[in-house]
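# Descriptive structure summary
Here are the chains, one letter per residue:
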Amino acid sequence: MECSAPSPEKDPEHGGDEEVMSEVHLGCPPGFSGPHISLFTISLSLPHDVASSRHIHGSEEEALATHTLEFDDDGDLLLPRRTKNAQAQLSCDSYSVRIQHNITSSIPNVGLQVWRAELVLSDFILHKALCSSEFHGVIALELGAGTGLVGLLLARIANTVFLTDHGNEILDNCEKNVQLNFGLLNYQATIHVRELDWFNCWPPKAEIEEAPCTQRYSWTSREIEDAENASLLLAADVIYSDELTDAFFSTLERLMSRGSTKVLYMALEKRYNFSLSDLDVVANGYSHFRSYFRDEDEIVSIESVNMPNFVGKRMDICQIPQYVREYERGHDVEIWQIQYCGPKQETSVTRG
């Protein structure tokens, strides 16, 4: 199927009404324009074990579907505790994740769709969860979370996950996906869906905890403190215009220079366009992204005042199995590990 993707020439703030379409279409009916719920199969078993595990999760998902959703005073989802038997099954069986998404969207609302890099980063998170304890019990923040799929999978092993994006339509859809999948989440995880506009400086304004929140996705000072003490940052397919890339790294620098030491795992798809100036097919958006950090393997002999404040290492995704079944990985998706190496700043909270 021929699909279009966000053009790196478009302005993310003023993309107009032009509709774009992701390469990911899971059972989407032709011509369907509204929100659609797709079922993603996560297979953690060997192929011959998948069939035998399905009947176990069938009864469990039926029970979870009848559970009444409950929320705390801040509107965050209260998660039910799993039995030890159910927790053991999560480590070896297949299960399904329900994601509500649009089939098409305007460019400013591409976060309503599921994109290939989001699924590759999901595979990375699942592999880390299975093969190490690196992400267990972490505080994590996802930048440009979109549908929330990556953060939801991480929430099964993390302590706290912030799903951040910009615009009520995207945030409402993200929160809906939290509700759709509450039965899959680790009972210790706290999930916050929060507004984060990269064109505004970090930290965001904090609401007073004792006062009623005037905005549903606003931050409290305690949440900002927790976010600055996060050790893990995530982002998937957020690079599609130079202006947005500039805003992303500006926010990233202010966030990573405060609080605890952080690492960002970022997945992106290289998108090629014909350039009249180069008379060739080039990935200009990717080149601008790469200008913000030096490769970890580069040898730097002379200190320079113009040295980027970030250092990156490209991950070998060929070593990561495909746990999410319903997509073609392709050859143009990369995952980068990015760390901050600039000066640290004092933690601060701006109250609203």
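Note that this is a predicted model, so its numbers are computed, not measured.

## Let's talk about the environment of Gly137
Structurally, Gly137 is set in the loop between helix H3 (116-131) and strand S7 (139-143). For the pair Gly137 and Ala189, spaced 52 residues apart in sequence, the C-alpha to C-alpha distance is 8.2 Å. Contacts of Gly137, omitting those with residues within four sequence positions, involve Ile157, Ala158 and Asn159.

## Description of the side chain of Glu142
Counting through the fold element by element, Glu142 comes out in strand S7. Side-chain polar atoms of Glu142 contact the backbone nitrogen of Gly151, separated by 3.1 Å. Beyond its immediate sequence surroundings of up to four residues, Glu142 is in contact with Val150, Gly151, Phe162, Leu163, Thr164 and Leu234.

## Points about the packing of aromatic side chains
If you walk through the whole model with that rule in mind, you get 14 aromatic pairs. With centroids separated by 5.7 Å and ring planes inclined at 65°, the aromatic side chains of Phe310 and Tyr340 adopt a geometry described as edge-to-face. With Phe310 in strand S17 (residues 310-314) and Tyr340 in strand S18 (residues 333-340), this pair connects stretches of sequence that are 30 residues apart. Here Phe310 and Tyr340 have matching classes, each one buried.

## Focus: unusual backbone geometry
Along the chain, Trp202 connects to Pro203 via a cis peptide bond; the corresponding omega equals 5°. The backbone phi angle of Asp237 is positive, close to 55°, even though this residue is not glycine. Looking at the secondary structure, you find Asp237 in the loop between strand S12 (232-236) and helix H7 (242-256). The class for Asp237 is buried, based on a relative accessible area of 10%.

## Some thoughts on the sheet that holds S7
Taken in spatial order, the eight strands of this open sheet run S9-S8-S7-S12-S13-S18-S17-S16, and their pairing is mixed. Of all strands in the sheet, those bounded by a partner on one side alone are strand S9 (190-195) and strand S16 (294-295). As paired strands, S7 and S12 are joined by four bridges and run parallel to one another. Residue pairing for S12: Leu141 is matched across the bridge by Leu233. Strands in contact with helix H5 (residues 168-180) are strand S8 (160-165) and S9; relative to S9, the strand with the most contacts, it is inclined by about 170°. Against the sheet, helix H6 (residues 221-228) contacts S7, S8 and S9, and its axis sits at roughly 100° relative to S8.

## Examining the nonpolar core
Core analysis: the biggest nonpolar cluster contains 50 residues, and Ile42, Leu121, Phe124, Leu154, Leu232 and Tyr265 have the highest contact counts within it. Considering each element in turn, this core owes the most residues, seven residues, to H3. Sequence-distant contacts of Leu232, that is, excluding residues within four places in its chain, are made with Phe135, Val138, Ile139, Ala140, Leu141, Leu154, Val263 and Tyr265. Formed by 36 residues, the second largest nonpolar core is a distinct cluster that contains Phe162, Tyr240, Leu252 and Leu268.

## Considerations on the confidence of the model for the protein
With 69% of its residues at a pLDDT of 70 or more, the protein shows a mean pLDDT of 80. Note that pLDDT drops below 50 for residues 1-15; the model gives that stretch 41 contacts with residues more than four away or on any other chain. Scored below 50 in pLDDT, residues 46-67 makes 23 contacts in the model with residues more than four places away or belonging to other chains.

## A closer look at the side chain of Gln100
Within the element layout of this structure, Gln100 appears in strand S5 (residues 94-101). Taking relative accessible area as the criterion, Gln100 reaches 16% and is therefore assigned buried. Here the side chain of Gln100 touches Asn173 through a polar contact of 2.8 Å, side chain to side chain. Once residues within four sequence positions are removed from consideration, Gln100 is found in contact with Pro35, His36, Ile37, Thr147, Asn173, Lys176, Asn177 and Leu180.

Reading the values: the criteria
- Residues numbered from 1 in each chain as written.
- Predicted model: local features only at pLDDT ≥ 70, side-chain atom pairs only at ≥ 80, totals over all residues.
- Heavy atoms only, no water.
- Helix = DSSP H or I, 4+ residues; strand = E, 2+ residues; numbered from the N terminus.
- Contact = heavy atoms within 4.5 Å.
- Polar contact = N/O pair within 3.5 Å; in protein donor to acceptor, adjacent residues only side chain to side chain.
- Phe/Tyr/Trp six-rings, centres within 6.5 Å; stacked < 30°, edge-to-face > 60°.
- Buried < 20%, exposed > 50% of the residue type's maximum accessible area, 1.4 Å probe, protein only.
- Pairing = 2+ DSSP bridges.
- Axes fitted to C-alpha atoms, helices over the stretch in contact; angles between N-to-C directions.
- Core = buried A, V, L, I, M, F, W, Y, C linked by side-chain atoms within 4.5 Å.
- pLDDT = per-residue confidence, 0-100.

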